[in-house]
Structures are given as structure tokens and as C-alpha cells.
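The chain contents come next:
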Amino acid sequence: MIRDTRNRPLGSLRISVTDRCNLRCRYCMPEEDYVWLPRTSLLTFEEIARLTRVFTSLGVSKVRLTGGEPLLRHELPTLVALLRENRDVRDLALTTNGVLLGRHVAALRAAGLARVTVSLDTLRPERMQDFAKSGHHGDVLEGIAAARAAGFERTKLNTVVVRGFNDDEIADLLEFARAQNAELRFIEYMDVGGATHWTAEQVVSQHEILGRLAARYGPITPVANASDPRAPAERFRLPDGTTFGVIASVTAPFCASCDRSRLTADGTWFLCLYAERGVDLREPLRAGASDDDLRALIASTWQARTDRGAEDRLAVAERGALYQIDALRADPRREMHTRGG
């Protein structure tokens, strides 16, 4: 296993399979128009599988498929099956908005997908229509139910908490997750690429989330995550035993333990969600580089890694959106939906 300049291992890889999405969530894609990656630039499934083998030879054991919305990529179960052939991938998961999950869940499970995480920001269809420009709230709920029935190892629900939008649903969402036998993770609204409408005032902090839940349920106890100490979510337990997580990337960054990197659908490798630039792996891949060549490039890049983007952002005195729309259109790889969240 290789380590960076802060002794962080290369352990987790998030692979975006498409930059397209069928929602327009305000915290990720609030604008009317976007610049898309050329379809001819997208990595094939075989190229993704090959790069994954190189990454796992350097210590990666956790792989998560993301988007955009990954289920918009045709024949995704084929990729899952290819990745499952790699015995060094010990944890293969998918993050989805759930709209298409119901129709694909059986094929994904049969192909070897181990875990699924579904984004669920509200229990109110009219709010989803307003916030994500979609009337498919019912499809998301059906997808969550289908994931539960499919027998995945664990199902998680992700909720980005935004003041004035869904912060009054915190307890209701937790109750829903408990009823679905899923673990909910609250995520602080992040000022990453794509969040062009972000303001600090809209952030509901981990401290505030825990305070609201404690006022309703009683004392909340931290839970050690012994099985995955580098996971981004801090886990907590209610008095009745219900567990949930909070990802406090804005107010309590976890850069010191971050072992994850991101591969875009066109083969650009980012060492940090906040990184301005990435490393083009597609060009050497298609130019005939050997696995050893790719391994050397990835290893030397990671070993020189100094990124701590969320900590750097925390130190900004008058913090605003990371990029304005002109900067995002100049380089669509800066977008959250391109580099996979």
C-alpha cells in the first residue's frame, strides 16, 4: 500500500461512469445549461476494469460507482460483473439517486454489487419537484424498497441538509430510514464545484443536527467505526439503538484520514474533491502504456499528494461558492456531477 505526504494510504476509489444526470438538485446542478463530456471520451468498461486492476495492485480495496447518475450508463451490470472478477476489490458499492434503481436492482445484485447508497433529501414529493426539478419521488421510494428486498449487505441513505429546504425533516428522514432497515447519513451542504448558489448560512452543521435529534430522542452516543476507520461519516446511536451518520465536510473536515480519490468518466483522476486539476489517465492508457507504466504514474502522483481541500476551505474567512458558472463551463471536470461527489 502506498501513502501520500501525510501518510494517507490509497485505499478507496470512486469511479464516475457518466457525467449525465436525470435530476437537477440545487446543491449540485442548479444551473439551466451545462457543458458535457464528449461521449467519445468516456472510458469503456474494459478500460475502467483495467485501471481498477492497476489501482487495486497499489492498495485500493474499496470501489464505488458514481455519476452523474450511474444508472444512466447503459449495461452497468456488465461493468459490475467485470469489477467483481477482481478479487482485490473487497467492497463494491453504488451511489444512485434511486430514480432508476427499481428497474435495475435485480441485475445489479446478480452481477455482484455488494452495497447501494441512495440519495434521499426529502419525503415530500412537492419539495423534490421544487429542489431537483423532478416528479419521480415515488420511483425513488420504490427503488429504496427494491434495494431492501434484493438483499444487499447494507443499504444507506444520503441526505444533504440545506437550511430552509429540508432541515425540518431531519427526524422524519431518520424514522423513514429506520423503517427501511437502512442507515441514514446526514451530509453538510458543501461548497464544491457545481454548488454555485452555496452560502454558509444554508449549512446545517453536525453540531446542530445532533442537537436537534438529541432534543427529540435523548442522549446520542458516538459509535466507533472499527471496520472502516477512514469512512467519511461519523456514526452515532440513539437511545433505542438506531444508528446514523453525519458527514461534516464543511465544519469538521476529515482530510487527515482521507484515503479516497476519484476517476471521472473520461479518465481524469482527482486526488481531492476540491482539487482544481486532475491527472489524465485516459491518454497514456489509449497510447499503449503498460500496466507498469500506469502503476508508476499513479504511485508517484499519490506519493506526492498534499491535498487537504476541505481544511483549506475551512480557513477561508469570507467563504462563498468554490466556482462561479463561467469557471465551471471552462472546465466541466470541476463540476460535482462530473467527478462523482
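Anyway, here's the lowdown on the structure attached to this text.

Definitions and limits used
- Residues numbered from 1 in each chain as written.
- Predicted model: local features only at pLDDT ≥ 70, side-chain atom pairs only at ≥ 80, totals over all residues.
- Heavy atoms only, no water.
- Core = buried A, V, L, I, M, F, W, Y, C linked by side-chain atoms within 4.5 Å.
- Buried < 20%, exposed > 50% of the residue type's maximum accessible area, 1.4 Å probe, protein only.
- Contact = heavy atoms within 4.5 Å.
- Helix = DSSP H or I, 4+ residues; strand = E, 2+ residues; numbered from the N terminus.
- Salt bridge = Lys/Arg side-chain N within 4 Å of Asp/Glu carboxyl O.
- Pairing = 2+ DSSP bridges.
- Axes fitted to C-alpha atoms, helices over the stretch in contact; angles between N-to-C directions.
- Right-handed = clockwise from strand over helix to strand, strands pointing away.
- Parallel < 35°, antiparallel > 145°, perpendicular 65-115°, else oblique.
- Left-handed = near helix turned anticlockwise from the far one by under 90°.
- Nonpolar A, V, L, I, M, F, W, Y, C, P; charged D, E, K, R; others polar.
- Arc of directions from axis to C-beta.
- Phe/Tyr/Trp six-rings, centres within 6.5 Å; stacked < 30°, edge-to-face > 60°.

1. A short note on the nonpolar core
Then step 1. Judged by nonpolar contacts, the single largest core of 100 residues is most densely connected at L10, L65, L157, F186, L213, F244 and W269.
Then step 2. Once you skip the residues sitting within four places of it in the chain, L10 turns out to touch M1, I2, F55, L58, G59, V60, D259, S261, W269, I298 and W302.

2. Quick notes on the environment of S41
Then step 1. As for its placement among the helices and strands, S41 is situated in the loop between β1 (12-16) and α1 (45-57).
Then step 2. Along the primary structure S41 and A214 are separated by 173 residues, whereas in three dimensions their C-alpha atoms are 49 Å apart.
Then step 3. Beyond its immediate stretch of four places on either side in the chain, S41 contacts A265, D266, R282 and R286.

3. Let's talk about the pattern of salt bridges
Then step 1. As enumerated under the stated definition, the model contains 29 salt bridges in all.
Then step 2. Between R115 and D91 there is a salt bridge, with the nearest N and O atoms lying 2.7 Å from each other. Here the residue R115 occupies a position in strand β4 (residues 115-119), and D91 occupies one in strand β3 (residues 91-96), the gap between them amounting to 24 residues. Note on accessibility: R115 and D91 belong to one class, buried.
Then step 3. Taking the shortest distance from any N to any O, the salt bridge between R235 and E183 comes out at 2.8 Å. Linking R235 in strand β8 (residues 234-237) with E183 in strand β6 (residues 183-188), this pair joins segments that are 52 residues apart in sequence.
Then step 4. For E183, a relative accessible area of 14% translates into the label buried.
Then step 5. Each of R6, R308, E311 and D312 takes part in one network of salt bridges that share partners.

4. Observations regarding unusual backbone geometry
Then step 1. Note that the residue after G67, namely G68, is joined by a cis bond; omega there is 10°.
Then step 2. By the element assignment, G68 lies in the loop between β2 (62-66) and α2 (76-84).
Then step 3. Its identity as a non-glycine residue notwithstanding, N181 has a phi of 55°, on the positive side.
Then step 4. Counting through the fold element by element, N181 comes out in the loop between α6 (170-179) and β6.
Then step 5. Residue classification places N181 among the exposed residues on the basis of a relative accessible area of 62%.

5. Description of the sheet that holds strand β11 (residues 268-270)
Then step 1. Spatial ordering of the open sheet is given by β7-β8-β9-β6-β5-β4-β3-β2-β1-β10-β11-β12, a layout of 12 strands whose pairing is mixed. Unpaired on one side and paired on the other, β7 (221-223) and β12 (279-280) mark the two borders of the sheet.
Then step 2. Note: β1 against strand β10 (residues 260-263), four bridges, orientation parallel. Across the sheet, I15 pairs through a bridge with L263, a residue of β10.
Then step 3. Sheet strands in contact with α2 are β2 and β3, and its direction is about 170° off that of β2.
Then step 4. Relative to β6, α6 is tilted by about 150°, and along the sheet it contacts β5 (155-161), β6 and β9 (243-247).

6. Quick look at the pairing of β2
Then step 1. Counting buried positions over the five residues of β2 gives four, a clear majority of the element.
Then step 2. Here β1 runs beside β2; their pairing, made up of five bridges, is parallel. Looking at the pairing, S16 lines up with T66 of β2.
Then step 3. At this point the chain moves from β1, through α1, to the parallel β2, and the crossover so formed is right-handed.

7. A short note on the packing of α2 against helix α3 (residues 101-111)
Then step 1. Where α2 contacts α3, the axes come no closer than 8 Å and their chain directions differ by 15°. Viewed along their axes, α2 and α3 adopt a mutual orientation that is roughly parallel. Where α2 crosses over α3, the handedness of that crossing is right-handed. Residues L76, P77, V80, A81 and R84 of α2 lie in contact with α3, whose contacting residues are A107, L108 and A111.
Then step 2. For the contact of α2 with α3, the class distribution of residues is seven nonpolar, no polar and one charged.

8. Some details on α3
Then step 1. All buried positions along α3 are accounted for by L101, V105, L108 and A111. One side of α3 holds all its buried residues, which, seen down the axis, span an arc of 135°. Seen from the open side of α3, the exposed residues pointing more than 90 degrees away from its buried face are R103, A106 and A110.
Then step 2. Considering only its buried residues, α3 is in contact with α2, β3, β4 and α5 (137-150).

9. Here we look at the environment of A107
Then step 1. Inspection of the secondary structure assignment puts A107 in helix α3.
Then step 2. By relative accessible area, A107 is classed as partly exposed at 40%.
Then step 3. For the pair formed by A107 and P77, sequence separation is 30 residues and the distance between their alpha carbons is 6.2 Å.

10. Details of the environment of E201
Then step 1. Locating E201 in the fold gives a position in the loop between β6 and α7 (206-217).
Then step 2. Along the chain, E201 and T117 lie 84 residues apart, while their C-alpha atoms are 27 Å from each other.

11. A closer look at the packing of aromatic side chains
Then step 1. Applying the stated criterion across every chain yields a total of seven aromatic pairs.
Then step 2. Consider the rings of Y27 and F131, whose centres lie 5.7 Å apart with planes at 45°: the pair is tilted. Note that Y27 is positioned in the loop between β1 and α1 and F131 in helix α4 (residues 125-132), a separation of 104 residues in sequence. With respect to class, Y27 is no different from F131; both count as buried.

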